[in-house]
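The lines below spell out each chain.
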2 protein chains.
Amino acid sequence: MTDEPRYAVEATETSLAVLETLVDAEGTVGVTALADHVGVSKSVAHNHLSTLRAAGYVIKRGEQYDASLRTLTLGERTRAGIDVHDAAKRKLDNLAAATGETTTLFVLEEDAGVPVYVAEADDGWSPPFVEGERLPLHVNAPGKSILSSLSADRIDAILERTDLIAPTDATTTDPDELVRELRRIRDDGIAFCRGEQYEGVVGVAAPLPEIDGSRIAALGVCGPVDRLNGRYLEEDITGQVLSTTKSVQVDLTAD
Amino acid sequence: MTDEPRYAVEATETSLAVLETLVDAEGTVGVTALADHVGVSKSVAHNHLSTLRAAGYVIKRGEQYDASLRTLTLGERTRAGIDVHDAAKRKLDNLAAATGETTTLFVLEEDAGVPVYVAEADDGWSPPFVEGERLPLHVNAPGKSILSSLSADRIDAILERTDLIAPTDATTTDPDELVRELRRIRDDGIAFCRGEQYEGVVGVAAPLPEIDGSRIAALGVCGPVDRLNGRYLEEDITGQVLSTTKSVQVDLTAD
DNA sequence: CGAGCCGTTCTTCAGAGCAGAACGGATAAA
DNA sequence: TTTATCCGTTCTGCTCTGAAGAACGGCTCG
């Protein structure tokens, strides 16, 4: 997984650190502050900034630097290559409108679940998912859906490599218990998450298995437990998640 | 603008070329093909791939490489720092739903207009805008809105640095004529674009001037000329664009 | 069975890229 | 007004990175 590269390119690591610092900074950053933050000399920081600027990923406002909007294109171009996203986006918007809750599309990547699209709830609130950020598979409904759709061998391999961290008290950290739950999820075709990632947030999700070359994914709804509960959650919402998933699957098979 | 950096970091340029190649590639790419494409030796390509992989921006599927979804986070984190985006996103969704057409938020960056958010039309069609891609300001309605809201000095400076390319026959390439049009746009508070960027595509946009630290932006609707025309375009759609813009402005001032 | 590909590793050496010093303009303090 | 400081940029010289190309080993196809 994280085998250190034998011949790493240090300059690349520095440039990425510079770029990430700028992306996370509020407003612009000066050369000196940036050099301190990244841990290189001022001249080196300056060289990397100029290079990133020539490439278009960094802009200069006065004497200060900032990440440019070009950073968006990398992600958008990557997202454009994901067929599940194209098939699901609009349906997730509709599902969000119909339920008033946040809807998400997660994709499997390197033993992790990655939100690729998040349609926000009516009230604008949604869990602090950052699209593209890898999340452990065992802490949320889409992640568990994805896991449940894999072969037993693959589940074991992933669980072996994964540290079953517990963001809340509700998180399942026992592999055997998790495997039992995954079996139930596979039988039901639907996964629930009750505060396992964030206190008070529940989720429902259904797997979207691989369809000739598309990625293994899952589609879900999540929101506060005081709105999502009881029969409304387990029948109404669940039904809508299942029918949306079905419809995305049909579209994917059609192409 | 494009003054070559005096001490460019070549390794960074190579890594970015590698990453962009992967992002634009359909599916995965092998080391040899990638090395050829970027113009470096196989071992160098391999070193950069390993480094980018360790940083999380590249993943390996079997013996092939691909851009990872992590590329999304750079853009999303940048976007999260743009207050105009947060204020306008939901309203652009609503405007798209109300009109059935594509709505966009453009922001000024380095003499160019950059789409930061695009809400697609009902029929799923939208101009081939890639979020984050810089577009000339004189070819579309949001760009012209942005220009019109600047001071005369600043307009002159930008026009001097800009090559007034003409994607279609309808594009205005004469600076004087453009300045006259910008004056009209400033007086009306609304800009139109009639096939100046893409044949058969018209646009309406209104400027969203700088509000304490927010970026200079514009908000627009665009779609095919056979749907958007006549009084429907000039009164109905235009009115909705103006009221949405007003509402975003109010929200921005409120914070 | 062997020829050819492809990803990975190794080795060697030029020069890329590092740190630190020096420059120069701007701003603040005396 | 003068002086001190700070910050972005440029310069310089040394070192070790990162480049190329060859070699390795596994795989596939003829």
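Residues numbered from 1 in each chain as written. Chains lettered and ligands numbered in written order. Predicted model: local features only at pLDDT ≥ 70, side-chain atom pairs only at ≥ 80, totals over all residues. Heavy atoms only, no water.

Per an unreviewed UniProt entry, the recorded name for chain A is IclR family transcriptional regulator, and the organism is Haloarcula salina.

Q: Account for the overall build of chain A, naming residues and giving values.
A: Broken down by element type, chain A carries 9 helices and 8 strands. With respect to the three principal axes, the spread of C-alpha positions in chain A is 60 × 40 × 40 Å. Within chain A, buried positions represent 53% of all 255 residues. Across chain A, contacts joining residues at least 24 apart in sequence account for 56% of those joining residues at least 6 apart. For chain A, the distance from the average site of its 24 positive side-chain charges to the average site of its 44 negative ones is 5 Å. (Helix = DSSP H or I, 4+ residues; strand = E, 2+ residues; numbered from the N terminus. Buried < 20%, exposed > 50% of the residue type's maximum accessible area, 1.4 Å probe, protein only. Contact = heavy atoms within 4.5 Å. Lys, Arg positive; Asp, Glu negative; His and termini not counted. Charge placed at Lys NZ, Arg CZ, Asp CG, Glu CD.)

Q: So what's going on with the sheet that holds strand β6 (residues 191-194) of chain A? Residues and values would help.
A: All names here are of chain A. Strand order in the open sheet formed by 6 strands is β5-β4-β3-β8-β7-β6, with antiparallel pairing between adjacent strands. A strand with exactly one partner marks an edge of an open sheet, and here the two such strands are β5 (135-136) and β6. Here strand β3 (residues 102-109) runs beside strand β8 (residues 217-224); their pairing, made up of 6 bridges, is antiparallel. Pairing of L105 across the sheet is with L219, part of β8. (Pairing = 2+ DSSP bridges.)

Q: Got a sec to walk through helix α9 (residues 230-254) of chain A? Specific residues and values, please.
A: Residues and elements named next belong to chain A. Between its first and last C-alpha atoms α9 spans 36 Å; for 25 residues at 1.5 Å apiece the expected length is 36 Å, and the two agree. The largest bend along α9 measures about 30 degrees and falls at T238. Where α9 is concerned, the buried positions are L233, I237, T238, V241, T244, T245, V248 and L252. The inward-facing, buried residues of α9 contact α5 (83-99), β6, β7 (201-208) and β8. (Expected span 1.5 Å × (residues − 1). Bend = angle between axes of the 7 residues up to and from the residue.)

Q: Hey, could you go over the pattern of salt bridges for me, with residue numbers and the actual values?
A: All names here are of chain A. In total, this model carries 38 salt bridges over all chains according to the counting rule given. In this structure, E109 engages R134 in a salt bridge whose closest nitrogen and oxygen atoms are separated by 3.3 Å. With E109 in strand β3 and R134 in the loop between β4 (112-119) and β5, this residue pair connects regions lying 25 residues apart in the sequence. Overall, the relative accessible area of 2% leaves E109 in the buried class. (Salt bridge = Lys/Arg side-chain N within 4 Å of Asp/Glu carboxyl O.)

Q: I'd like to hear about the sheet that holds strand β7 (residues 201-208) of chain B, residue by residue, with values.
A: Reading across from one edge, β5-β4-β3-β8-β7-β6 (chain B) is the order of the 6 strands in this open sheet, with antiparallel pairing throughout. The sheet terminates laterally at β5 (135-136) and β6 (191-194) of chain B, the two strands that pair on one side only.

Q: Give a detailed account of the protein's contact with DNA strand C, specifying residues and quantitative values.
A: Surrounding DNA strand C, one finds 21 residues, the nearest of these being S41 of chain A together with E10, T32, K60 and Y65 of chain B. Taking all atoms of DNA strand C within 4 Å of the protein, the share assigned to sugar and phosphate is 64%. One of the side-chain N or O atoms of S41 of chain A is found 2.8 Å from a phosphate oxygen in DNA strand C. Here a phosphate oxygen of DNA strand C sits 3.1 Å away from a polar atom, N or O, in the main chain of V31 of chain B. (Near = heavy atom within 4 Å. Polar contact = N/O pair within 3.5 Å; in protein donor to acceptor, adjacent residues only side chain to side chain.)

Q: Explain the packing of aromatic side chains residue by residue, including any values.
A: Scanning all chains against the criterion turns up 4 aromatic pairs over all chains. Where F129 of chain B meets Y198 of chain B, the ring centres are 6.3 Å apart and the plane angle is 55 degrees; that geometry is what we call tilted. One end of the pair, F129 of chain B, is in the loop between β4 (112-119) and β5; the other, Y198 of chain B, is in the loop between β6 and β7, with 69 residues separating them in the sequence. Put simply, the rings of F106, F129 and Y198 of chain A touch in pairs and so form one group of aromatic residues. Note that R194 of chain A overlies the ring of F192 of chain A, its terminal NZ or CZ placed 5.1 Å from the centroid. (Phe/Tyr/Trp six-rings, centres within 6.5 Å; stacked < 30°, edge-to-face > 60°. Lys NZ or Arg CZ within 6 Å of the ring centre and 35° of its normal.)

Q: Summarise the relation of the copies chain B and chain A; cite the residues concerned and give the values.
A: Superposition record for chain B on chain A: RMSD 0.0 Å, screw rotation 180 degrees, translation along axis 0.0 Å. Between the two chains, the operation in question is that of a two-fold axis. Minimal C-alpha separation from the rotation axis in chain B is found for T12 of chain B, amounting to 2.5 Å. (Least-squares fit on C-alpha atoms with pLDDT ≥ 70 in both.)

Q: Lay out the domain arrangement of chain A with the relevant residues and their values.
A: Looking at chain A, the domain boundaries give domain 1 (10-73) and domain 2 (81-254). For domain 1 of chain A versus domain 2 of chain A, the distance between C-alpha centres works out to 35 Å. (Domains from an automatic or database assignment.)

Q: Before we move on, could you go through the environment of E76 of chain B and cite the residues and values that matter?
A: Here E76 of chain B shows up in helix α4 (residues 70-80). Residues in contact with E76 of chain B, not counting those within four places in the same chain, are E76, R79, V130 and E131 of chain A. Engagement of the side chain of E76 of chain B in a polar contact is seen with the side chain of R79 of chain B, the distance being 2.7 Å.

Q: Which residues make up the interface of chain B and chain A, and what values do they have?
A: Taken together, the contact pairs 58 residues of chain B with 58 residues of chain A. The junction of chain B with chain A conceals about 5000 Å² of combined surface from both sides, 58% of it contributed by carbon and sulfur atoms. Along the contact surface separating chain B from chain A lie 8 salt bridges. Seen at the junction of chain B and chain A, the total is 22 residue pairs in polar contact (both at pLDDT 80 or more). The residue makeup of the side of chain B that touches chain A, split by class, is 23 nonpolar, 14 polar and 21 charged. (Buried area = accessible area lost by both parts, 1.4 Å probe. Nonpolar A, V, L, I, M, F, W, Y, C, P; charged D, E, K, R; others polar.)

Q: Let's hear about the packing of helix α3 (residues 42-55) of chain A against helix α1 (residues 10-24) of chain B: which residues, and what values?
A: Running from amino to carboxyl end, α3 of chain A crosses α1 of chain B at an angle of 35 degrees, the nearest separation of the two axes being 9 Å. In terms of crossing hand, the pair formed by α3 of chain A and α1 of chain B is right-handed. Here α3 of chain A contributes H48, T51, L52 and A55 of chain A to the contact with α1 of chain B, which in turn contributes T12, E13 and L16 of chain B. Residue composition of the contact of α3 of chain A with α1 of chain B, by class: 3 nonpolar, 3 polar and 1 charged. (Axes fitted to C-alpha atoms, helices over the stretch in contact; angles between N-to-C directions. Left-handed = near helix turned anticlockwise from the far one by under 90°.)

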